Structures are given as structure tokens and as C-alpha cells.
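# Descriptive analysis of the structure
Spelled out from the first residue to the last, the chains are:
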Amino acid sequence: MIEEQIIARGVTHRPTLAALRAVPRHRFVPADVQREAYADHPLPIGHGQTISQPFIVAFMTEAVAIKPGEKVLEIGTGSGYQAAILAAMGARVFTIEIIPALAERAAGTLRELGYDQVRVRAGDGYQGWPDEAPFDAIVVTAAPDTIPPALLDQLAEGGRLVIPVGPQHGGQELMLVTKSKGKLHQRNLLPVRFVPFTREKDNEKT
Ligand code: SAH
């Protein structure tokens, strides 16, 4: 997986590659798709959600270039895999998942594997995690139409935010926002396709 899907496509950041080698991806996917855990595509994790393709996890992780001890916010815990990768790089991770059953399962997996420096919260990540802000990096793994303002506010000086932005069907861009001297700088990295960023009121209807 690392050689063919990730290094071959240009990810070179060594701590990212080390984390991908260290985290057992198969432990984060449901039993019925476990054989495909290292395949080159996203996989269903239940509740209509997916764990991202390995390359996308690697690409986003490289983009935020975590250093040990940094504080990281993730919106969209899903399986907990991306959170484990960030933790394996030495980050203190705060992750929010809007579907309570997924939050619970991810917290259980992370606990079993010993990723004690990850805190999982069930809820809508639109407002970020104000009590723990600011964050050195923020990783969003569901796509809103525009960047939630609270996430920009909660970015530390020197902070990096990676987020897919755009409509559910077609036209999403993975964006990198950095904050330096209080100013935000934004650029597009890659066209992508993520599950939608939902709000608590959307879920009440289902
Ligand atoms: N990072 C995950 C990928 C999960 S897919 C992993 O490594 O497995 C994206 C997740 O974002 C889904 O589980 C979805 O339920 C969640 N999500 C969508 N909107 C959200 C919101 N407003 N707040 C928190 N989580 C949200």
C-alpha cells in the first residue's frame, strides 16, 4: 500500500509514511470489508459513511505536517483511522463525530489499540472545540459548502487547516488554509470527493 499507492503518487513526508506503516488500518474497518482494508479506494464503515482511500489520508496528513506534541482537531472521526494516524505522529488529537454510534465505535477501537492521546466527542463539529482551541492543525474529513468560520478562528498562529470544500456531487476541492501573522492564506490542493458535512438539524430528519 505505502509503496504503490502513496510514495508512487508523490507523498514523501517521512513522519506521515512512518505513521501509515504503524497504524493497523484493518482494525478500523468493519469485518465484512476487512480483506480490502489496504485497497486503493474508500470503504463503507456503516451509517452511509466511508473511511477515506489510503492515499487521501496520506495526502491530507502530509499537508498538515504534524510535529510531536502539537494539538490537532479533526472533524469527522468516522472509523477513527485518521485520528490514529495523527496520534501516531505524536499529536494530541481532539476529534468530533456527528453520528453517535460511529463516535462510540471509533473511541472503542482507539482505546483497544492504545491511542490514549485521542479524545472523541459525539456532536456537530461546525463550531469546532472552543474549550481546547487554538489548534496547530485542523483536519476536516467531510465536505461543507464553505469553510465553517469557527474553524478559522480556532487555528493557532502558524496553524494549518486542510478541508474539502464544495457540493456533494462533483466539484469539491481539498483546500489548505494557513495562518501566519494573524492572516489567512488559502490554496487549492486537489479535486476530491468526500461525504457531505452535515449539521445536527439535518440528522434529526432521518
Ligand atoms: N476521518 C474518517 C473519515 C470519516 S468520513 C476516518 O478516518 O475514518 C466523514 C465523517 O464525518 C462521517 O463519519 C460523518 O458522519 C462525519 N461528519 C459529517 N458532518 C459532520 C459534522 N458536522 N460534525 C462532525 N462529524 C461530521
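Everything that follows concerns the structure shown earlier in this document.
This section reports on the structure supplied with the text.

### Some details on the pairing of strand S5 (residues 118–122)
- Two strands pair when backbone bridges link them, and strand S4 (residues 92–97) and S5 are joined in this way by 5 bridges, in the parallel orientation. For Ile96, the partnering residue across the bridge sits in S5 and is Arg121.
- With helix H5 (residues 100–112) bridging S4 and the parallel S5, this β-α-β connection has right-handed handedness.

### Focus on the environment of Lys67
- Note that Lys67 resides in the loop between helix H3 (54–64) and strand S3 (71–75).
- Taking the C-alpha atoms as reference points, Lys67 and Thr146, 79 residues apart in sequence, are found 28 Å from one another.
- The contacts of Lys67, once residues within four sequence positions are left out, are Met89 and Arg160.

### Notes on the site of the ligand
- Close to the ligand lie 25 residues; Ser79, Glu97, Asp124, Gly125 and Thr198 are nearest.
- For the ligand, a nitrogen atom lies 2.6 Å from a polar atom in the backbone of Thr198.
- Mapping the ligand onto the cavity grids shows that it belongs to the largest pocket.
- Of all the secondary structure elements, the ones that give two or more residues to the shell around the ligand are strand S2 (49–51), S3, helix H4 (81–88) and S4.
- With 3 residues, the top contributor of residues to the shell around the ligand is S2.
- In terms of residue class, the shell around the ligand is made up of 11 nonpolar, 11 polar and 3 charged.

### A word on the packing of aromatic side chains
- The final tally for this structure, using the stated rule, is 5 aromatic pairs.
- Here the aromatic rings of Phe94 and Trp129 are separated by 5.3 Å at their centres, their planes lie at 80 degrees, and the arrangement is edge-to-face. Here Phe94, found in strand S4, pairs with Trp129, found in the loop between S5 and strand S6 (135–140); they are 35 residues apart in sequence, far enough to count as distant. Of the two residues examined, Phe94 and Trp129, each falls in the buried class.
- Three or more aromatic residues joined by ring pairs form one cluster here, namely Phe94, Trp129 and Phe135.
- Sitting over the ring of Tyr126, Arg199 keeps its end group 3.7 Å from the ring centre.

### Notes on the sheet that holds S5
- Taken in spatial order, the 7 strands make up an open sheet running S5-S4-S3-S6-S7-S8-S9, and their pairing is mixed. Both outer strands of the open sheet, S5 and strand S9 (183–192), are each paired with one neighbouring strand and no more. Here the average twist between neighbouring strands, direction ignored, is 15 degrees.
- In the packing of H3 onto the sheet, contacts are made with S6, strand S7 (155–165), strand S8 (172–180) and S9, and the angle to S9 comes to roughly 165 degrees.

So, how was this worked out
Position numbers for residues start from 1 in each chain and track the written sequence from start to end. Under the rules for a predicted model, residues below a pLDDT of 70 receive no local features and side-chain atom pairs below 80 are neither given nor counted, while totals for whole chains, interfaces and linings still include all residues. Heavy atoms throughout the structure, all of them, feed into the side-chain values; hydrogens and water do not. Here the rule is simple: two strands pair whenever DSSP picks up at least two bridges between them. The helix and strand labels rest on DSSP assignments: H or I over at least four residues marks a helix, E over at least two residues marks a strand, and numbering proceeds from the N terminus. The crossover handedness rule: strands pointing away from the viewer, path from first strand over the helix to second strand clockwise, crossover right-handed. Any two residues whose heavy atoms approach within 4.5 Å are treated as being in contact. Here a residue counts as near a molecule or strand whenever at least one of its heavy atoms sits within 4 Å of it. In protein, a polar contact means a hydrogen-donor-capable atom and an acceptor-capable atom, both N or O and within 3.5 Å, with residues adjacent in sequence counting only if both atoms are side-chain atoms; elsewhere, any N or O pair within 3.5 Å suffices. A cavity, in this analysis, means grid points on a 1 Å lattice covering only the protein atoms where a 1.4 Å probe fits yet has no way out; a pocket is instead an open set bounded by protein on both sides within 12 Å along at least five of seven lines, and a residue lines either one if it has an atom within 4 Å of a point. Think of it this way: if more than half of a molecule's atoms are within 2 Å of a pocket's grid points, that molecule is in the pocket or cavity. Under the scheme applied here, ten amino acids are nonpolar (Ala, Val, Leu, Ile, Met, Phe, Trp, Tyr, Cys and Pro), four are charged (Asp, Glu, Lys and Arg), and all others, including Gly, are polar. Each Phe, Tyr or Trp ring (for Trp, its six-membered ring) is paired with any other whose centre lies within 6.5 Å, and the angle between the two planes then decides the class: stacked below 30 degrees, edge-to-face above 60, tilted in between. For the exposure calls, accessible area comes from a 1.4 Å probe over protein chains only, and a residue counts as buried if that area is under 20% of its type's maximum, exposed if over 50%, partly exposed in between. Sitting over a ring, as applied to charges here, requires NZ of Lys or CZ of Arg to be within 6 Å of the ring centre and within 35 degrees of the ring normal. An axis is simply a line fitted to the C-alpha atoms; with a helix, the fit covers only the stretch in contact. Between two such axes, the angle follows the N-to-C directions and lies from 0 to 180 degrees.

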